[in-house]
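# Geometric and topological summary
Residues per chain are reported as follows:
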Amino acid sequence: MDTLRQLTLIESPSLEKNHADRCAGYLTDEWLLRGTLVQLIKQRHRGDHLRAVRTPLSTPPRAQLLVLGHYDTVYPTGTLSGMPFRIVGSKAYGPGTFDMKAGIVQALFALEALQELHTNISKRIVFLWTSDEEIGSETSRRLIEDEARRSDAVFVLEPSLGPRGLVKTSRKGVGEAKLMVHGRAAHAGLDPEQGINAIHELAAQIARIEKWNDPRRGVTINADLIDGGTRTNVIPDCAKVNFDLRAWRLADMRALEKRFRSLKPITRGAKLEVRGGFDRPPLERRHSSVLFTRAKSLAKQMGFALGEAAAGGSSDGNLTAALGVPTLDGFGAVGDGAHSAHEFVYFKTMPQRAALLAAMLATS
Ligand SMILES: [Zn+2]
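Residues numbered from 1 in each chain as written. Predicted model: local features only at pLDDT ≥ 70, side-chain atom pairs only at ≥ 80, totals over all residues. Heavy atoms only, no water.

### Quick look at the overall build of the protein chain
Operational definition: Segments assigned H or I by DSSP are reported as helices when at least four residues long, segments assigned E as strands when at least two residues long, and all are numbered from the N terminus. Note on contacts: a residue pair is in contact if any heavy atoms of the two residues lie within 4.5 Å. Accessible surface is estimated by sampling points in the Shrake-Rupley manner with a 1.4 Å probe; for residues, cover comes only from the protein chains shown. Positive charges come from Lys and Arg, negative ones from Asp and Glu, while His and the chain ends are left out of the count. A charged residue contributes its charge at one atom only: NZ of Lys, CZ of Arg, CG of Asp or CD of Glu.
The helix and strand tally for the protein chain stands at ten helices and 18 strands. Of all intrachain contacts in the protein chain linking residues separated by at least 6 positions in sequence, the fraction that spans at least 24 positions is 80%. Put simply, the protein chain shows about 16,500 Å² of open surface, and 53% of that area lies on carbon and sulfur atoms. Between the mean site of the 49 positive side-chain charges and the mean site of the 40 negative ones, the protein chain shows a separation of 6 Å.

Pasting the structure below:
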């Protein structure tokens, strides 16, 4: 609880490097105290990423396990003054507690347990704490993928789902597509026949694309930003729209990207430009099922039930699963209210979850 409090009190927004670095510094000290080698991967504009390594006690490592998470939060500094760290009943509230500082604390104490029990694990364990997950993992993506490629399994300590702490065994792939329409400007009154109305074309395209939604397969396409025109009286020569794209399956992701790329204009003379696509591919259940089955059985031996769920949002676990590396996501804290003013964790579940992570590391 003390560690969670201290970690929460060091605010670490993705966009404020100096503050984020203080958080990385705190984590460095905690991991050094537990006997790991710590390396800070310096960043110019974002907080430094932290890589801590526990090497096997005796033999050189045969392989590697990756414990993955992010220490950045969506809350700007100063949020604490209106949203202090506080304990009410069984809940610990505060910015970033659930997403995902409590998960980091659980990993720390899982490591401590392994050290104190002198657990002989033949594999190297890498803990990777990144600083930009909440803004798309631009500076950490390669690092995450490189570590994942070397790993037999990845445990992502993102928040679990609901009060029962369901592990996320599948996640939707998420992306953005931008569609730009180029038409031809003209006076709406003097020579309307000279114009090619980019907004009309855009509207027609949106109506067409909306029909690609397939709720049964979990494919969703939502226009979320729109822009167009220059002024009244003028037939607009330019309009654009941004789409949020989501899908459960890699095949659906690819099909959707292909459909966007092959869009044809409806209005004669209009030109289309398509950009973007999926940033994070889907985490399909086949990449998590083996790990989940073992986690469930270990939890049962410890006296609690572990369930699973599918999540519509993505995380860095999507990146590691996309490489074909077994990935168990949502393996972190139990609580609710991520990215909101009532974010909290059920702190009594933390030792249990830490023990489960330790057991998974010891048996992987
Ligand atoms: Zn998160």
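On we go.
### Quick word on the side chain of Arg353
Definition in use: Accessible area is worked out with a 1.4 Å probe on protein chains only. A residue is then buried under 20% of its type maximum, exposed over 50%, and partly exposed in between. Salt bridges are defined by distance alone: a side-chain nitrogen of Lys or Arg within 4 Å of a carboxyl oxygen of Asp or Glu. Polar contact is defined as a pair of N or O atoms within 3.5 Å, subject to the rule that within protein one atom must be able to donate a hydrogen and the other to accept it, and that residues adjacent in sequence are counted only when both atoms are side-chain atoms.
With respect to the helices and strands, the residue Arg353 is situated in helix 10 (residues 350–363). With no salt bridge to any partner, buried Arg353 finds its closest opposite charge in Asp329, at an N-O distance of 11 Å. For Arg353, the side chain forms a polar contact with the main-chain oxygen of Arg164, separated by 3.5 Å.

### Some remarks on the sheet that holds strand 3 (residues 64–70)
Think of a sheet as strands paired side by side through backbone hydrogen bonds, with each pair either parallel or antiparallel. Selection rule: Only when DSSP finds a minimum of two bridges between them are two strands counted as paired. The angle between two axes is taken between their N-to-C directions and runs from 0 to 180 degrees, where each axis is a line fitted to C-alpha atoms and a helix contributes only its stretch in contact.
If you trace the six strands from one edge of the open sheet to the other, you get 1-2-6-3-7-16, paired in mixed fashion. Edge positions in the sheet fall to strand 1 (37–41) and strand 16 (327–328), since each of these pairs with one other strand and no more. Sheet topology places strand 3 next to strand 6 (residues 124–130); seven bridges connect them, and they run parallel. Within strand 6, the position partnered with Leu66 by the bridge is Val126. Across the sheet, helix 2 (residues 17–33) lies against strand 1, strand 2 (49–54) and strand 6, angled at about 165 degrees from strand 1, the strand it touches most.

### Remarks on unusual backbone geometry
Going from Asp99 to Met100, the amide bond is cis rather than trans, its omega being -5 degrees. For Met100, the location among the structural elements is in helix 4 (residues 97–116). Backbone geometry at Ser137 places phi at a positive 60 degrees, although glycine is not the residue there. Locating Ser137 in the fold gives a position in the loop between strand 6 and helix 5 (141–149). The phi angle at His339 is positive, at roughly 60 degrees, despite the residue not being glycine. Topologically, His339 is positioned in the loop between strand 17 (335–336) and strand 18 (344–346). Relative accessible area serves as the criterion here: at 43%, His339 is assigned to the partly exposed category.

### Observations concerning helix 1 (residues 2–9)
Short version of the rule: Note: the arc covers the axis-to-C-beta directions of the helix.
The complete set of buried residues in helix 1 reads Thr3, Leu4, Leu7 and Thr8. The arc that holds every buried residue of helix 1, seen down its axis, measures 130 degrees, which confines them to one face. Where helix 1 is buried, its residues touch helix 2, helix 3 (79–82), strand 5 (91–93), helix 4, strand 18 and helix 10.

### Observations concerning the packing of aromatic side chains
Two descriptors summarise a pair of aromatic rings, namely the distance from one centre to the other and the angle between the planes of the rings. This is how it is decided: Stacked, tilted and edge-to-face are the three classes applied to pairs of Phe, Tyr and Trp rings, where Trp contributes its six-membered ring and a pair requires centres within 6.5 Å; stacked means planes under 30 degrees apart, edge-to-face means over 60, and tilted covers the rest. As a reminder, the over-ring test applies to NZ of lysine and CZ of arginine, requiring each to be within 6 Å of the ring centre and within 35 degrees of the ring normal.
Applying the stated criterion to the full structure yields eight aromatic pairs. Ring centres 6.4 Å apart and planes at 35 degrees place the aromatic pair Phe127 and Trp129 in the tilted group. Assigned by exposure class, Phe127 and Trp129 land together as buried. Members of the aromatic cluster, joined through ring pairs, are Trp31, Phe127 and Trp129. Geometry around Phe344 places Lys91 over its ring, the cationic atom sitting 4.6 Å from the centre.

### Some words on the nonpolar core
Using the following cut-off: Among the buried residues, those of types Ala, Val, Leu, Ile, Met, Phe, Trp, Tyr and Cys that are joined through side-chain atoms within 4.5 Å form a nonpolar core.
Ranked by size, the top nonpolar core spans 53 residues in total, and within it Trp31, Trp129 and Phe331 carry the most contacts. Examining the composition of this core, we find that ten residues originate from one element, helix 4, more than from any other. If sequence neighbours within four positions are ignored, Phe331 has contacts with Gln106, Phe155, Val156, Leu157, Glu158, Val167, Ala295, Leu306, Leu356, Leu357 and Met360. Counting residues in hydrophobic clusters, the runner-up holds 23 residues, among them Leu202, Val219, Leu245 and Ala247.

### Observations regarding the environment of Met350
Within the secondary structure layout, Met350 lies in helix 10. Along the sequence, Met350 and Ala107 sit 243 residues apart, while their C-alpha atoms lie 9.7 Å from each other. Residue contacts for Met350: discarding those within four places in its chain leaves Leu4, Ala102, Val105, Gln106 and Val345.

### Quick notes on the sheet that holds strand 14 (residues 271–280)
In spatial order, the strands read 11-13-9-14; together these four strands make up an open sheet with antiparallel pairing. Two strands in the sheet have a free side with no partner beyond their single neighbour: strand 11 (220–228) and strand 14. In this sheet, adjacent strand axes meet at a mean angle of 15 degrees when their direction is disregarded. In this sheet, strand 14 lies alongside strand 9 (residues 173–182) in antiparallel orientation, the contact comprising nine bridges. The residue bridging Leu179 from the neighbouring strand is Val274, located in strand 14. Helix-sheet contacts for helix 6 (residues 198–210) involve strand 9, strand 11, strand 13 (238–247) and strand 14, and the interaxial angle to strand 13 is about 15 degrees.

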